[in-house]
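# Breakdown of the fold
Residues per chain are reported as follows:
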Amino acid sequence: CENAKWYINTVRVQQDEAEFDQTGRAEVDTLLCAELGFLTQGRDPREMRVLEIGCGIGRMTRHLAGLFGEVHAVDVSGEMIRQARERLRGYTNVHCHETSGCDFAALPANFFDLVFSAYVFQHVPSAAVIRANLVDAFRVLKPGGICKFQVNGTADTAFQEQQHDTWTGAALPESELRQTARDLDAQLLRLFDAGTQYCWVTWRKRPGSQ
């Protein structure tokens, strides 16, 4: 992928390694470390297995690896995964996987303590595919585990009806997110900034679920 850093972090076209990685650290600090006790439910993160959906070339992955015991990073792009493996080759607790873009079929059910995805689903052009990813992410989540993810929550009819590509992406408005949680029997713990491009959802797989 030509200039992968730009497509992953569209702040500046030419970014050196240190600058690129620092943006990943800032995201992990803001999105995970700031509420780590809540997301880990008081557990030691070094004893937890995490799935990162849409890892790109590992901008956030290396920082997740410093925080959690085991990180599985997935991406639909084989080239991104190739670069991620090269950049993260010194991290023995990181495993990178290319996926279909619709599911995580190579990963077992009830496997992860935490599932995390940031700035990925907003670029998926099909709402049905986003839902399919969320359903399978729930499958691989352990009972009692937490999934935190970001989607475009725009509910505007004009936006919903327009053509979507891998830049604009499709949206899942609040009503659909709540319905998906009900369909999965997920505990909807938090839903922030509904109706915006940066809608954040946190749900939990009920203890005892299959």
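Anything mentioned here points back to the structure above.
Reading the values: the criteria
- Residues numbered from 1 in each chain as written.
- Predicted model: local features only at pLDDT ≥ 70, side-chain atom pairs only at ≥ 80, totals over all residues.
- Heavy atoms only, no water.
- Pairing = 2+ DSSP bridges.
- Helix = DSSP H or I, 4+ residues; strand = E, 2+ residues; numbered from the N terminus.
- Axes fitted to C-alpha atoms, helices over the stretch in contact; angles between N-to-C directions.
- Contact = heavy atoms within 4.5 Å.
- Buried < 20%, exposed > 50% of the residue type's maximum accessible area, 1.4 Å probe, protein only.
- Arc of directions from axis to C-beta.
- Salt bridge = Lys/Arg side-chain N within 4 Å of Asp/Glu carboxyl O.
- Disulfide = S-S within 2.5 Å.
- Core = buried A, V, L, I, M, F, W, Y, C linked by side-chain atoms within 4.5 Å.
- Right-handed = clockwise from strand over helix to strand, strands pointing away.

### Side note on the sheet that holds strand E1 (residues 49-53)
Pairing is mixed in the open sheet, where 7 strands are placed in the order E3-E2-E1-E4-E5-E7-E6. Both outer strands of the open sheet, strand E3 (94-98) and strand E6 (186-192), are each paired with one neighbouring strand and no more. The average undirected angle you get between the axes of adjacent strands in this sheet is 15 degrees. Inspection of the sheet shows E6 paired to strand E7 (residues 199-205) by 6 bridges, in the antiparallel sense. Bridge pairing in E7 links leucine 191 to valine 201. This element, helix H5 (residues 78-87), spans strand E2 (70-75) and E3 of the sheet and lies at about 165 degrees to E3.

### Section: helix H8 (residues 174-184)
Each full turn of the α-helix corresponds to 3.6 residues, which orients residues three or four apart in the same direction. Regarding H8, the residues found buried are Leu177, Thr180, Ala181 and Leu184. Angularly, the buried residues of H8 cover 100 degrees about the axis, an arc narrow enough to put them on a single face. The outward face of H8, more than 90 degrees from its buried face, is lined by the exposed residues Ser175, Arg182 and Asp183. Those residues of H8 that are buried lie in contact with helix H6 (127-140), strand E5 (141-151), E6 and E7. Of the residues flanking the end of H8, it is aspartate 185, one or two places downstream, whose phi is positive at about 60 degrees.

### Considering the pairing of E7
Of all 7 residues that make up E7, 6 are buried, and the element is covered over most of its length. As defined by bridge partners, E5 adjoins E7 across 6 bridges and the pair is classed as antiparallel. Within E7, the position partnered with cysteine 147 by the bridge is tryptophan 203. Between E6 and E7, which pair antiparallel in sequence order, lie 6 residues; one of them, aspartate 193, sits at a positive phi of approximately 60 degrees.

### Focus on the pattern of salt bridges
Applying the stated criterion across every chain, the model contains 15 salt bridges. A salt bridge links arginine 59 to glutamate 27; the shortest N-O distance between them is 3.9 Å. Of the two residues, arginine 59 sits in the loop between E1 and helix H4 (61-65) while glutamate 27 sits in helix H2 (residues 17-31), which places them 32 residues apart along the sequence. In terms of burial, arginine 59 and glutamate 27 fall into one category: buried. When salt bridges with common partners are traced through the structure, they connect Asp21, Arg62 and Arg87 into a single cluster.

### Points about the state of the cysteines
This model, assessed by the stated rule, comprises 0 disulfides. Summary of cysteine pairing: cysteine 147 is not part of a disulfide, and the nearest cysteine sulfur, belonging to cysteine 199, is at 13 Å. Given a relative accessible area of 1%, cysteine 199 falls into the buried group.

### Focus on H5
Here H5 has its buried residues at Met80, Ile81, Gln83, Ala84 and Arg87. What you see down the axis of H5 is that its buried residues fit within an arc of 165 degrees, all on one side.

### A short note on the nonpolar core
Phe149 and Trp203 are the most contacted members of the largest nonpolar core, which has 29 residues in total. Sorting the residues of this core by element identifies E1, strand E4 (112-117), H6, E5, H8, E6 and E7 as the ones contributing at least two each. Top contributing element to this core by residue count: H6, with 6 residues.

### Some remarks on the pairing of E2
The buried fraction of E2 is high, at 5 of 6 residues. The sheet contact formed by E1 and E2 spans 5 bridges and is parallel. For arginine 49, the partnering residue across the bridge sits in E2 and is glutamate 70. Here E2 runs beside E3; their pairing, made up of 5 bridges, is parallel. Counted as the bridge partner of valine 74 is histidine 97 from E3. With H5 bridging E2 and the parallel E3, this β-α-β connection has right-handed handedness.

Geometric values such as these leave the question of function open.
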